[in-house]
Every structure is written in C-alpha cells, then in structure tokens.
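# Working through the structure, step by step
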Amino acid sequence: MSDRGCAPGVELLMEYLEGELSAELRSAIADHVAGCARCTAFLESYRATPEILRRATARSLPADLAAELMQAVRGRFGGGAGP
Amino acid sequence: MEALAEPISDEALVSRAAAGEEAAFEDLVRRHQERVYRLACRLTGDEADAADVLQETFLQVFRHLGEFRGEARFTTWLFRVVTNAALMRRRARARRPADSLDAFMPRFDAEGRLAPTPAQLQVTSQIEEVLDRKTLAERASAGIARLPDAYRDAFVLRDLEELPTAEVASVLGIAPAAVRQRVHRARLMLRGYLNELAEDKA
C-alpha cells in the first residue's frame, strides 16, 4: 500500500471503516495510515464530517407544524377519503 | 405482578389504521412526525419544503395503508415515501443545477500522496470552533444541497439519520455496495467543502 501512496487507501476508506475488506487489505491500510501523518489527519476529518453535519442539520418539528399536520390528518379522516 | 405492556409495533398500528381505526393512524403520525420532518429538512435543505414534504408523506402513507404488506419494516417504507416526496419537491423548485462539489474531492501528488499537509487536512475537524452555529447550519444545508441527488439521499439516510447500510439499501432499492460507494463519495466531497469553509475563516 505504502509504495502507491495514500490514494488506494482513501478510495477504500468506507469499506475499511465498515469492516468490508479482506484482512490483508485491512492491515495494509492500517499500516499505511499509522505511518502517514497526512492519512491520519485525513481519516480524522473523514470521520468528523458526518458528525459535524449531523449536528449542524438537526432540526425539531415546530409545534405549529405538528398541530397543522394533525389537523390535516383529522380532516382527511373526516372527509371519508380512507384507504 | 402485572407484566409491563409491550409497546404496540408500527406494523400493528398500520393494520389497525388500515382497518379504519383513526386513533391508530394518529399514533403513527405522532410517533414518526419528528423524524420525518428532520429527514425532510436534511433532504430538501429548506424548512418550508420540509413542511410540505411532512404533510405529503403522511397523506401518501394514509392513502396507501392498505398496500403495506409487512414484508419490510414500516420505517423502511416510510423513509422511502419521504425520500421520494423530497425528490419531487426539489424538482418542482426547478432551481438551476447545483454547482458540483467535484472540486472538493481529495487531491494527490504524482506519487499518490495526499497533496495537502496534515495541518491543512486537520482544519475540517475544527470548523465548529471557527464558524458560528447559524452560519455553519446554513453552509451545511447548502453543501448537502449541492450533492448529486443519488449521493445526497444515501448520505442523509446513512450518515445523518444513521440508518444501517442494509436499511438504506432497502429504502433506496440499491445494493449495499452501491450505498457505500455513494456515501463515500458524498463524504469526500463534503469533507473538502467543510475544509475550504474552515480555511477561508481561519
């Protein structure tokens, strides 16, 4: 792995993290990352990306929307347009 | 001693609702409305669109209650309806095509080594320290909106809603390997996008 640089490991990062790779490939990537400051930093930021975006996009349902929805649901039932 | 009542399953509520029990459908709505809205916000990047998707989703679920056969989990079916409604909503907006995020894919030198230095690569992880919450929330939604539709759906379900890869595959009707490939590409693009935002600010 190391003789071909960081690119092959970066390409397989998700499979690597999800345990989808052969033991051989997995340890080749782990060995490369352990000795490569760039890959160590890249892996950290690759892992952080979903977490950062999850926090940044968390929204709660506003109470007025919930009330509107329930009103619509009841209206639909009342209208007899059932399944 | 009285045994604790088992919470009624989604699937049982669907059967009751399909049989005309109004309270059962209301229970389903109350149980899932928060998650549906959050997912809709993440898929559309717009709270007004998400409100429409929320209503549309439960209307579709109500209309098709009788077609739910219980082969899949109710939530798998529900998330599929949300994902489709969000896609329709995005298309209805007919916005100009989003600027591609391809430029944010990682760059390598001639030896296949990552081009940026470790310090440059680390900046992404510090974005919450350099951008205020409101700005980051806006930029996050804008970035996710720039993903190709197929990548966005897979990324939002897998990484933001944290569904297992196999369930995302069921929701989207694609193979787990395809989910991993799309999520991986989305992560690479968004990692680079966040990195540039953080560097601009730092």
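The structure presented is a predicted model; accordingly, all values stated were derived computationally and were not measured.

When its secondary structure is counted, chain A shows five helices and zero strands. Going residue by residue from the N terminus, the α and β elements of chain A occur as α-α-α-α-α. When the 83 residues of chain A are sorted by exposure, 42% land in the buried category. If you take every contact in chain A between residues at least 6 apart in sequence, the share linking residues at least 24 apart comes to 53%. For chain A, the exposed area adds up to about 4,300 Å²; of that, 49% sits on carbon and sulfur atoms.

Here helix α4 (residues 37-56) of chain A crosses helix α8 (residues 149-160) of chain B at 90°, and the two axes come no closer than 10 Å. When the axis of α4 of chain A is compared with that of α8 of chain B, the two are roughly perpendicular. Contact residues: P50, L53 and R54 of chain A in α4 of chain A; F155, D159 and L160 of chain B in α8 of chain B. In the contact of α4 of chain A with α8 of chain B, the residues fall into four nonpolar, no polar and two charged.

We now examine α4 of chain A. For α4 of chain A, which comprises 20 residues, the first-to-last C-alpha distance of 28 Å matches the rise-based estimate of 28 Å (1.5 Å per residue) to within 8%. By the largest-angle criterion, A48 of chain A marks the main kink of α4 of chain A, which is about 30°, and a proline, P50 of chain A, follows within four residues.

This paragraph deals with the pattern of salt bridges. Scanning the model with the defined rule gives 26 salt bridges over all chains in all. Residue R90 of chain B is joined to D153 of chain B by a salt bridge in which the shortest nitrogen-to-oxygen separation is 3.5 Å. Of this pair, R90 of chain B sits in helix α4 (residues 74-93) while D153 of chain B is found in helix α8, placing the two residues 63 residues apart along the sequence. In this structure, R90 of chain B and D153 of chain B share a single accessibility class: buried. In this structure, R113 of chain B engages D109 of chain B in a salt bridge whose closest nitrogen and oxygen atoms are separated by 3.4 Å. For R113 of chain B, a relative accessible area of 40% gives the class partly exposed. The class of D109 of chain B is partly exposed, set by a relative accessible area of 27%. Sharing partners across several salt bridges, the network here consists of E18 and E20 of chain A together with R158, D159, R180 and R187 of chain B.

For the rest of this paragraph, the subject is the nonpolar core. One finds F25, L147 and F155 of chain B to be the most contacted residues of the largest nonpolar core, which totals 86 residues. Counting contributing residues, this core receives three or more from each of domain 1 (10-93) and domain 2 (102-201) of chain B.

This paragraph deals with the interface of chain A and chain B. Of the residues lining the interface, 47 residues belong to chain A; the matching set on chain B comes to 58 residues. Of the roughly 4,800 Å² buried between chain A and chain B, counting both surfaces, carbon and sulfur atoms make up 66%. At the surface where chain A touches chain B, the tally comes to seven salt bridges. Close ionic contact of R74 of chain A with E26 of chain B constitutes a salt bridge, the shortest N to O distance being 2.9 Å. The interface formed by chain A and chain B includes 20 residue pairs in polar contact (both at pLDDT 80 or more). Those elements that provide at least two residues to the side of chain A that touches chain B are α1 (7-11), α2 (13-17), α4 and α5 (63-78) of chain A. With 16 residues, the top contributor of residues to the side of chain A that touches chain B is α4 of chain A.

Looking now at the domain arrangement of chain B. Residues and elements named next belong to chain B. For chain B, the assigned domains read domain 1 (10-93) and domain 2 (102-201). In this structure, domain 1 and domain 2 have C-alpha centres spaced 27 Å apart. The interface of domain 1 with domain 2 comprises 15 residues on the first partner and 14 residues on the second. For the pair domain 1 and domain 2, the summed buried area comes to about 1,300 Å², and 52% of that belongs to carbon and sulfur atoms. Looking at the side of domain 1 facing domain 2, the largest losses of area belong to R42, T83 and R90, adding up to 35% of the total buried there. Linking domain 1 with domain 2 are six salt bridges. A salt bridge links E161 to R42, with the nearest nitrogen and oxygen atoms 2.8 Å apart. At the surface where domain 1 touches domain 2, the tally comes to nine residue pairs in polar contact (both at pLDDT 80 or more). Counting only elements with at least two residues in the side of domain 1 that touches domain 2, the list comes to α2 (22-44) and α4. The greatest single-element share of the side of domain 1 that touches domain 2, amounting to eight residues, is contributed by α4.

Its location among the elements puts S125 of chain B in the loop between α5 (118-122) and α6 (127-130). If we ignore the near neighbours within four places in the chain, the residues touching S125 of chain B are E44, S45, A48 and I52 of chain A.

Rules and cut-offs
- Residues numbered from 1 in each chain as written.
- Chains lettered and ligands numbered in written order.
- Predicted model: local features only at pLDDT ≥ 70, side-chain atom pairs only at ≥ 80, totals over all residues.
- Heavy atoms only, no water.
- Helix = DSSP H or I, 4+ residues; strand = E, 2+ residues; numbered from the N terminus.
- Buried < 20%, exposed > 50% of the residue type's maximum accessible area, 1.4 Å probe, protein only.
- Contact = heavy atoms within 4.5 Å.
- Areas by Shrake-Rupley, 256 points an atom, 1.4 Å probe, with all protein chains shown as cover.
- Axes fitted to C-alpha atoms, helices over the stretch in contact; angles between N-to-C directions.
- Parallel < 35°, antiparallel > 145°, perpendicular 65-115°, else oblique.
- Nonpolar A, V, L, I, M, F, W, Y, C, P; charged D, E, K, R; others polar.
- Expected span 1.5 Å × (residues − 1).
- Bend = angle between axes of the 7 residues up to and from the residue.
- Salt bridge = Lys/Arg side-chain N within 4 Å of Asp/Glu carboxyl O.
- Core = buried A, V, L, I, M, F, W, Y, C linked by side-chain atoms within 4.5 Å.
- Domains from an automatic or database assignment.
- Buried area = accessible area lost by both parts, 1.4 Å probe.
- Polar contact = N/O pair within 3.5 Å; in protein donor to acceptor, adjacent residues only side chain to side chain.

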